[in-house]
Amino acid sequence: MSSEPHLFVIFGATGDLTSRKLVPALYKLLLSKDDGQSVILGVGRSELTDEAFRATIREALQESGCDKKHATNWCAGSVHYQQVTDEDYSQLRRRIENVENERGLTGNRVFYLALPPSAFEPVISALGEHELATSRGWTRLVIEKPFGHDLASARALNALVHRYFDEAQVFRIDHYLGKETVQNLLVFRFANTVFESLWNRDRIEEVEITVAEQLDVANRAGYYDGAGALRDMIQNHITQLLTLVAMEAPAKWNAEAVRNEKVKVLQAIAPVELDHVVYGQYEAAGEVDSYSNHDGVAAESTTPTYVAMRIHVDNWRWQGVPFHLRTGKALPERTTQVTVTFRRPPVSFFSDLATEAFDRDVLVLTLQPDEGFDLCIDVKHPGDTMDIDKIPLSFDYADRFGVVADAYETLLADIIEGDQTLFVRADEVESSWEVFQPVLDSEFSPEPYAAGTWGPAAADEIAVTGWKTGASNCSED
Ligand SMILES: NC(=O)c1ccc[n+]([C@@H]2O[C@H](COP(=O)([O-])OP(=O)(O)OC[C@H]3O[C@@H](n4cnc5c(N)ncnc54)[C@H](OP(=O)(O)O)[C@@H]3O)[C@@H](O)[C@H]2O)c1
């Protein structure tokens, strides 16, 4: 697969995602390809000249550490802006054709919707109605999560997309899938027989996936109060991680085969038992104000800022193994980890040493802040006595390989090359909502937890052998 000269059209070009993530990633990618033809066309409702837009992009590039002179030259040659309103897509169409003609492009186009979800429907419809969904070359549509607000809206969004675009043209972004550790999870599992042979109900006692945010809701309450922790993190990011941990080896290494296996995991998830779900909402502690006091949070809001749950994947590999999922805001640290807890030895010669140190072996996959793995195993402490320590066998991406590319760089390269492996397919989105819709429909009231803690105490009753993230699994000491 290779990239070809193309026009990269960004809707929502004046937004945060464009300046912080997309443009720095595209700058690096387009420079490395050095095709000299590819162009970015920013699109927005704001009235901006090309030059004014370039100034914002230059600033964003400088903030991300790019050389000022180089960024200025690149912007002058490769960045344009077009204003749109609902009525003037024909003007956008003409602009696209003009830019393509000027640059000798053959009609390859990416339409990236860096937009709030409320704008997806009108923009996708307008692209379709103005015959921008197809061109002389290839056309690709990129949609940022959230893919729907619930099962019905996800189905409606997919139906709308498919009215104008084939699934093979659609790239639904869950940026977690662009992280090295997430992709390496598949290499780790399927290239190392030592792990894959242990990767089942016989050897694994439980799996935990925690996405912990230290930040409170900050200025996102307008969106967050209508969404909550389950929609914001569990239905998408955490479920994506779950599918990669639990999936079978694909028949081939290609987008369809990998995504087929992910969908099978989702289809095997048993109905979630509602008494295995705990909701929380943070209350004031230290510097952090209560969730309910934030601007934009509805009075008496019951939006959960924390969710923990136990689910089961009812298939041959995972029967009986609990998967513990947890996410929250205003927790003690910012971290994303998958922990795989192995079973204890069936018989222990060291049972009289059974202390906290002598426990289950745990594999910790860290996605943030520092991508890497730790396998926590027992070793004998030097000395006359038979003392056992838990120590990590560790691998840290940055230590071994230096700077790791941002997830968006990986994902944008794949979009340009037309590789859909790391993107969420329509049936994956719907299968995931099918799992969580009954949970969303259930009655609940979140339990209060103090900001800076690991959530409501009731969550401890869900995790069979205790939550691993935030506990000390093993240390270098
Ligand atoms: N920011 C991030 O780090 C991040 C990370 C992951 C995912 N995302 C997702 O990426 C998308 C964009 O995020 P963002 O933070 O860049 O959002 P944003 O800054 O709030 O909005 C992006 C742009 O969309 C345009 N827009 C706003 N409302 C619109 C409407 N009703 N119709 C048409 N255009 C509208 C605005 O530009 P104009 O007024 O000029 O049209 C705005 O600058 C969202 O779906 C978000 O969930 C963002």
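Everything numeric in this text was worked out from a predicted model, so none of it was measured. (Residues numbered from 1 in each chain as written. Predicted model: local features only at pLDDT ≥ 70, side-chain atom pairs only at ≥ 80, totals over all residues.)

The next subject is the overall build of the chain. A count of helices and strands for the chain gives 14 helices and 15 strands. Overall, the C-alpha framework of the chain stretches about 80 × 50 × 45 Å when taken along its three principal axes. Classification of the 477 residues of the chain by burial places 40% in the buried group. Excluding contacts between residues fewer than 6 apart, the proportion of contacts in the chain whose partners are at least 24 apart in sequence is 80%. (Helix = DSSP H or I, 4+ residues; strand = E, 2+ residues; numbered from the N terminus. Buried ≥ 20, exposed ≤ 12 C-beta atoms within 10 Å, placed from the backbone. Contact = placed C-beta atoms within 7 Å.)

Contact geometry for helix H1 (residues 16–33) and helix H13 (residues 407–417): axes closest at 9 Å, N-to-C directions at 65°. You can see that H1 and H13 cross each other, and the crossing is right-handed. Between H1 and H13, the contacting residues are Lys21, Leu22, Ala25, Leu26, Lys28 and Leu29 on the first element and Tyr408, Glu409, Leu412, Ala413 and Ile416 on the second. The residue makeup of the contact of H1 with H13, split by class, is eight nonpolar, no polar and three charged. (Axes fitted to C-alpha atoms, helices over the stretch in contact; angles between N-to-C directions. Left-handed = near helix turned anticlockwise from the far one by under 90°. Nonpolar A, V, L, I, M, F, W, Y, C, P; charged D, E, K, R; others polar.)

So, on to the domain arrangement of the chain. Domain parsing of the chain yields domain 1 (7–144) and domain 2 (177–404 + 427–461). Using only C-alpha atoms to locate each centre, domain 1 and domain 2 end up separated by 36 Å. (Domains from an automatic or database assignment.)

Residue pairs three or four apart in sequence face the same way in an α-helix, which turns once every 3.6 residues. Among all positions of helix H5 (residues 120–129), only Phe120, Val123, Ile124 and Leu127 are buried. Looking down the long axis of H5, one finds its buried residues gathered within 95° of arc, a one-sided arrangement. The outward face of H5, more than 90 degrees from its buried face, is lined by the exposed residues Pro122 and Glu129. Buried residues along H5 sit against strand S1 (7–11), strand S4 (109–113), strand S5 (139–144) and helix H6 (151–164). Glutamate 131 occupies a position one or two residues after H5 and carries a positive phi of about 55°. (Arc of directions from axis to C-beta.)

We now examine the packing of H6 against helix H14 (residues 426–441). To characterise two packed helices, one gives the angle between the axes of the helices and the distance between these axes. Where H6 contacts H14, the two axes come as close as 9 Å, and the packing angle between them is 170°. The angle between the axes of H6 and H14 places the two elements in the roughly antiparallel class. Between H6 and H14, the residues in contact are Leu151, Ala154, Arg155 and Asn158 and Ala426, Val429, Glu430, Trp433, Glu434 and Gln437, respectively. By residue class, the composition of the contact of H6 with H14 is five nonpolar, two polar and three charged. (Parallel < 35°, antiparallel > 145°, perpendicular 65-115°, else oblique.)

The immediate surroundings of the ligand are formed by 18 residues, with Gly12, Gly15, Leu17, Gly44 and Ala119 found nearest. Counting residues per element, the shell around the ligand draws most heavily on H1, at four residues. Partitioning the shell around the ligand into residue classes produces six nonpolar, seven polar and five charged. (Near = placed C-beta within 6 Å.)

This part covers the sheet that holds strand S8 (residues 277–283). Spatially, S14-S13-S12-S11-S7-S10-S9-S8-S15 is the arrangement adopted by the nine strands of the open sheet, whose pairing is mixed. Bordering the open sheet on either side are strand S14 (388–396) and strand S15 (447–450), each of which pairs with just one other strand. Direction aside, the axes of adjacent strands within the sheet are offset by 20° on average. Examined bridge by bridge, S8 and S15 share four bridges and lie parallel to one another. Its bridge partner lying in S15, glycine 280 is registered against glutamate 447. (Pairing = 2+ DSSP bridges.)

Time to look at the nonpolar core. Ranked by internal contacts, the top residues of the largest apolar core, which has 114 residues, are Val9, Ile10, Phe11, Leu26, Tyr112, Leu113 and Val142. Per-element tally for this core: the top contributor is helix H10 (residues 228–246), with nine residues. (Core = buried A, V, L, I, M, F, W, Y, C linked by C-beta atoms within 7 Å.)

This part is about H1. Under the 1.5 Å per step criterion, the end-to-end length of H1 is 25 Å for 18 residues, consistent within 8% with the ideal 26 Å. The largest bend along H1 reaches roughly 40° and is located at leucine 22, with the proline proline 24 sitting one to four residues downstream. Residues of H1 that are buried include every one of Thr18, Ser19, Lys21, Leu22, Val23, Pro24, Ala25, Leu26, Tyr27, Leu29 and Leu30, and no others. Turning to H1, the residues buried within the fold contact S1, strand S2 (39–44), helix H2 (50–63), helix H3 (68–78), S4 and H13. (Expected span 1.5 Å × (residues − 1). Bend = angle between axes of the 7 residues up to and from the residue.)

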